[in-house]
Amino acid sequence: MGSEKGARREMSVSAIRNGTVIDHIQNEATFKVAEILRLAQEQHTVLVGMNLPSGKVGKKGIIKIESRELTPQEVNKIALIAPQATLNIIQDYEVAEKRSVELPERVEGIVRCFNPSCITNRQAVSTCFDVIASDPVGLRCVYCERVMTGPDIILK
Ligand code: CTP
Ligand code: ZN
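Here the structure is a predicted model, which is why all the values come from computation and not from measurement. (Residues numbered from 1 in each chain as written. Chains lettered and ligands numbered in written order. Predicted model: local features only at pLDDT ≥ 70, side-chain atom pairs only at ≥ 80, totals over all residues. Heavy atoms only, no water.)

Colleague: Any chance you could explain the site of ligand 1 here in plain terms?
Modeller: Around ligand 1, 13 residues are found, and the nearest of them are I16, H24, K64, Y93 and K98. Here a nitrogen atom of ligand 1 and a backbone polar atom of I16 are 2.8 Å apart. A distance of 2.7 Å is found between an oxygen atom of ligand 1 and a side-chain nitrogen or oxygen belonging to K64. For ligand 1, the protein covers 67% of the area, taking 590 Å² as the surface of the free molecule. With respect to the pocket detection grid, ligand 1 is positioned in the largest pocket. When residues of the shell around ligand 1 are traced back to their parent elements, those giving at least two are β1 (19-26), β3 (58-66), β4 (86-91) and β5 (94-100). (Near = heavy atom within 4 Å. Polar contact = N/O pair within 3.5 Å; in protein donor to acceptor, adjacent residues only side chain to side chain. Areas by Shrake-Rupley, 256 points an atom, 1.4 Å probe, with all protein chains shown as cover. 1 Å grid on protein atoms, 1.4 Å probe; cavity = no way out; pocket = protein on both sides within 12 Å on 5 of 7 lines; lining within 4 Å. Sits in = over half its atoms within 2 Å of the grid points. Helix = DSSP H or I, 4+ residues; strand = E, 2+ residues; numbered from the N terminus.)

Pasting the structure below:
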């Protein structure tokens, strides 16, 4: 029975026909990305890989979603927790578009402030942060000036 040498270049997670591939996810962030995208409720095919070898990052995660495009809001959220991720739009099995996620200069509404006495946690004021560092991501609350990085960053 055939284990073929030529199979070395095979994808460790199957190709999709149309949809989005989020590649080069920092391994530990893979399930967080799945959560952001509410993949538990997704109706189309979802393929998830983790602990895959990756030149740059060591180990990486990958998520493939058939028949789905991400919204700018979803891309911004992914950028906060997986700044090295790349997005590939797949059309008819080909990579039609490839780009890296980009951090915005300001993040409005999608992150909670870590400071319990911040006005955004006490009144109906939506949050707003300046992005002050990119990898790891650093955010500074424009209201209380608290700086949050890495695991402090809690998405709403
Ligand atoms: N991919 C897929 N289905 C396809 C085509 C590509 O799932 N029909 C996935 C590949 O598995 C890969 C990503 O989309 O994870 C990007 O494909 P490609 O650009 O061909 O791969 P690489 O050259 O390895 O990408 P990069 O340079 O971004 O590492
Ligand atoms: Zn604050």
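Colleague: Is there a simple way to explain the environment of E102 in this structure?
Modeller: Along the chain, E102 falls in the loop between β5 and β6 (106-108). The exposed category is assigned to E102, whose relative accessible area is 61%. Separated by 19 residues in the primary sequence, E102 and P83 have C-alpha atoms spaced 7.2 Å apart. With residues near it in sequence (within four places) discarded, E102 still touches N76 and A79. (Buried < 20%, exposed > 50% of the residue type's maximum accessible area, 1.4 Å probe, protein only. Contact = heavy atoms within 4.5 Å.)

Colleague: Explain the domain arrangement of the protein chain here, please?
Modeller: One frequent convention defines the size of an interface as the accessible area lost when the parts assemble. Parsing the protein chain into structural domains produces domain 1 (19-100) and domain 2 (106-155). In this structure, domain 1 and domain 2 have C-alpha centres spaced 24 Å apart. For the domain 1 and domain 2 pair, buried surface summed over both sides reaches about 690 Å², with 75% attributable to carbon and sulfur atoms. Looking only at domain 1, the three residues that lose the most surface to domain 2 are K77, L80 and P83, adding up to 62% of its buried area. Linking domain 1 to domain 2 there are 0 salt bridges. Applying the counting criterion to the domain 1 and domain 2 interface returns 0 residue pairs in polar contact (both at pLDDT 80 or more). The element that contributes the greatest number of residues to the side of domain 1 that touches domain 2 is helix α2 (residues 72-81), accounting for 6 residues. (Domains from an automatic or database assignment. Buried area = accessible area lost by both parts, 1.4 Å probe. Salt bridge = Lys/Arg side-chain N within 4 Å of Asp/Glu carboxyl O.)

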